[in-house]
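Residue-level structural notes
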Amino acid sequence: MCSSWVVLAFCCLGQLCADQSLKPQIAAPQLATNNPTLTTVALEKPFCMFDSSLHPNKAYIIYLYAMKETASAISSLVTDNSGKPLDSTFQQTSGGQLGPYKAASFDVPNCASPPKLADVGDVNKVSDVLKQYLFRVGDDGTCLYDPNFLAVCNPPLAPDTTYRFKYVLLDSTEGIMKDQTLWSDPIKTRRVKLPMKIDTWPGRRSGDMIVITSILSVLVFLLLAGFLASVSSAAMRSKDSSAETRCMSQTIQQREPRPQLSSE
């Protein structure tokens, strides 16, 4: 199963290589289940996407920008007039409402040396392999409230909200943008379900849940029946013992000789 996931990832990465203008893509369900969540979105990293813009003896880094779909097109620029990427934060843009904010920075994925397929069979390495292919936006729930946090803050996204994302290739020596993707298609986080709207009707439950519930009900019934049977048996034994005691007492009294009255 894990090997098929990585094969699928390689196929997706091959498509990225074929077209440098592709947008950031939401991770395939085989790679990231339950995606998007209420507050996160897992994206495929820009594997092999910027290879034509890379030059030897240069250092590069990837910036990931996020913004709400309701932000205006004018405010969707991620560079200033000199070509330097913006350092707008989550707080400064009201969580992407006023424009894009920098959600992450990471090294350019190495297209020439992808993770080893042999590592997929190792349960201890599967998570690391997938982390090299995917990035989860909104995965840091503490950076906003940590006064000592100095890195790029990637705080949780808002539920039931539509976002767009963009990757930017930065020449870290010159501090200038060298390439960028288009903005992604709209991606919406999940909506919070109110307790009164959660469907608890058994007909909507899975077959496994119904079977488990039935087995538990039978076990509880058997335990109760056994308990009642043991209590009843103990009560019967107590009654029998009491009756036997009374019977033995009467027998002993009958056998004892009665004193004879003397006639004088």
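Residues numbered from 1 in each chain as written. Predicted model: local features only at pLDDT ≥ 70, side-chain atom pairs only at ≥ 80, totals over all residues. Heavy atoms only, no water.

1. Details of the overall build of the protein
Basically, it comes down to this: By the criteria applied, helices consist of DSSP H or I runs no shorter than four residues and strands consist of E runs no shorter than two, each listed in order from the N terminus. For every residue, the accessible area obtained with a 1.4 Å probe (protein chains only) is divided by the maximum for its type, and the residue is called buried under 20%, exposed over 50%, and partly exposed between those limits. Contacts are assigned to residue pairs with any non-hydrogen atoms lying within 4.5 Å of each other.
The number of helices and strands found in the protein is three helices and seven strands. Reading the protein from its N terminus to its C terminus gives the helix and strand order α-β-β-β-α-β-β-β-β-α. Looking at the protein as a whole, 31% of its 264 residues qualify as buried. The long-range fraction of contacts in the protein, counting pairs at least 24 apart against all pairs at least 6 apart in sequence, stands at 70%.

2. What about a nonpolar patch on the surface?
Here is the rule: The patch calculation keeps residues exceeding 30% relative accessible area without a salt bridge and links them within 9 Å when they carry like charges or within 5 Å when they are nonpolar (Val, Leu, Ile, Met, Phe, Trp, Tyr). In short, Shrake-Rupley with a 1.4 Å probe defines the accessible areas, and a residue's cover is counted only from the protein chains shown. Counted as salt bridges are all cases of a side-chain nitrogen of Lys or Arg within 4 Å of a carboxyl oxygen of Asp or Glu.
Taken together, Val211, Ile212, Ile215, Leu216, Val218, Leu219, Phe221 and Leu222 make up a surface patch of nonpolar side chains, about 780 Å² in accessible area. Within the element layout of this structure, isoleucine 212 appears in helix 3 (residues 207-255). Looking at isoleucine 212, the relative accessible area reads 46%, which means it is partly exposed.

3. Here's the deal with the nonpolar core
One broad rule of soluble globular proteins: the nonpolar side chains tend to lie buried together. Rules: Nonpolar cores were defined as sets of buried Ala, Val, Leu, Ile, Met, Phe, Trp, Tyr and Cys residues, with membership established by side-chain atoms within 4.5 Å.
Judged by nonpolar contacts, the single largest core of 21 residues is most densely connected at Leu43, Leu64, Val137, Leu157, Phe165 and Tyr167. Looking at this core, the elements that each hand over two or more residues are strand 1 (41-44), strand 2 (60-68), strand 3 (101-106), strand 4 (134-137) and strand 5 (162-171). In contact with tyrosine 167, not counting residues within four places along its chain, are Pro24, Leu43, Glu44, Lys45, Pro46, Phe50, Ile62, Tyr63, Leu64, Phe106, Gln180 and Thr181. In this structure, Ala27, Ala42, Cys48 and Tyr133 belong to the second largest nonpolar core, which totals twelve residues.

4. A closer look at the state of the cysteines
Let me state the cut-off plainly: Criterion for a disulfide: a pair of cysteine sulfur atoms within 2.5 Å.
Using the criterion set out here, one finds two disulfides in the structure. Covalently, cysteine 48 is tied to cysteine 111 through a disulfide, its sulfur atoms 1.7 Å apart. Its S-S torsion of approximately 85 degrees makes the covalent link between cysteine 48 and cysteine 111 right-handed. Taken together, the residues span a long stretch of sequence, with cysteine 48 in the loop between strand 1 and strand 2 and cysteine 111 in the loop between strand 3 and helix 2 (123-133) at a distance of 63 residues.

5. Here we look at the pattern of salt bridges
One pass over the structure, following the stated rule, counts eight salt bridges. One salt bridge in this structure joins glutamate 174 and lysine 58, with 3.0 Å as the shortest N-O distance. Within this pair, whereas glutamate 174 is found in the loop between strand 5 and strand 6 (176-180), its partner lysine 58 is found in the loop between strand 1 and strand 2, the two being separated by 116 residues in sequence. Looking at lysine 58, the relative accessible area reads 37%, which means it is partly exposed. Salt-bridge contacts for glutamate 174 lead to lysine 178; the nearest nitrogen and oxygen are separated by 3.5 Å. Members of the salt-bridge network, linked through shared partners, are Lys58, Asp171, Glu174 and Lys178.

6. Examining the side chain of lysine 102
Quick reminder of the rule: The definition of a polar contact used here is a pair of N or O atoms within 3.5 Å, where within protein one atom must be able to donate a hydrogen and the other to accept one, and adjacent residues in sequence count solely through side-chain atom pairs.
Relative to the assigned elements, lysine 102 resides in strand 3. Note on lysine 102: relative accessible area 12%, which makes it buried. In terms of polar contacts, lysine 102 uses its side chain to reach the side chain of aspartate 87, at 2.8 Å. If we skip the residues at most four places from it in the chain, lysine 102 touches Tyr63, Leu64, Tyr65, Leu86, Asp87, Ser88, Val152 and Cys153.

7. Details of the packing of aromatic side chains
Quick reminder of the rule: Aromatic rings from Phe, Tyr and Trp, taking only the six-membered ring of Trp, are treated as a pair when their centres fall within 6.5 Å; an angle between ring planes under 30 degrees marks them as stacked, one over 60 as edge-to-face, and anything in between as tilted.
Within this structure, the stated rule accounts for six aromatic pairs. With a centroid separation of 5.2 Å and an interplanar angle of 35 degrees, the aromatic rings of phenylalanine 47 and tyrosine 133 are classed as tilted. Here phenylalanine 47, found in the loop between strand 1 and strand 2, pairs with tyrosine 133, found in helix 2; they are 86 residues apart in sequence, far enough to count as distant. Tyrosine 133 carries the same exposure label as phenylalanine 47, and that label is buried. With a centroid separation of 6.2 Å and 80 degrees between ring planes, the pair formed by phenylalanine 106 and tyrosine 167 is classed as edge-to-face.

8. Describing the confidence of the model for the protein
Definition in use: Confidence of the predictor in every single residue is expressed as pLDDT, which spans 0 to 100.
The predicted model of the protein averages 80 in pLDDT, with 72% of residues at 70 or higher. Residue range residues 1-20 is modelled with pLDDT below 50. Its contacts to residues more than four positions away, or to other chains, number 35 contacts.

9. Focus on the side chain of serine 76
Structurally, serine 76 is set in the loop between strand 2 and strand 3. Once residues lying within four places of it in the same chain are set aside, the contact partners of serine 76 are Met67, Pro100 and Trp183.

10. Focus: helix 2
The following threshold applies: Note that the arc is computed from the directions linking the helix axis to the C-beta atoms.
Here helix 2 has its buried residues at Val126, Val129, Leu130 and Tyr133. Down the axis of helix 2, the smallest arc covering the buried residues is 95 degrees, so these residues share one side. Along helix 2, exposed side chains directed more than 90 degrees from the buried face belong to Asn124 and Lys131.

11. Observations concerning unusual backbone geometry
Cis peptide bonds are those with omega within 30 degrees of zero, and the linkage from asparagine 35 to proline 36 qualifies with 0 degrees. Within the element layout of this structure, proline 36 appears in the loop between helix 1 (2-18) and strand 1. The backbone of aspartate 160 shows a phi angle near 55 degrees, a positive value even though the residue is not glycine. Residue placement: aspartate 160 occurs in the loop between strand 4 and strand 5. Using a relative accessible area of 31% as the deciding quantity, one classes aspartate 160 as partly exposed.

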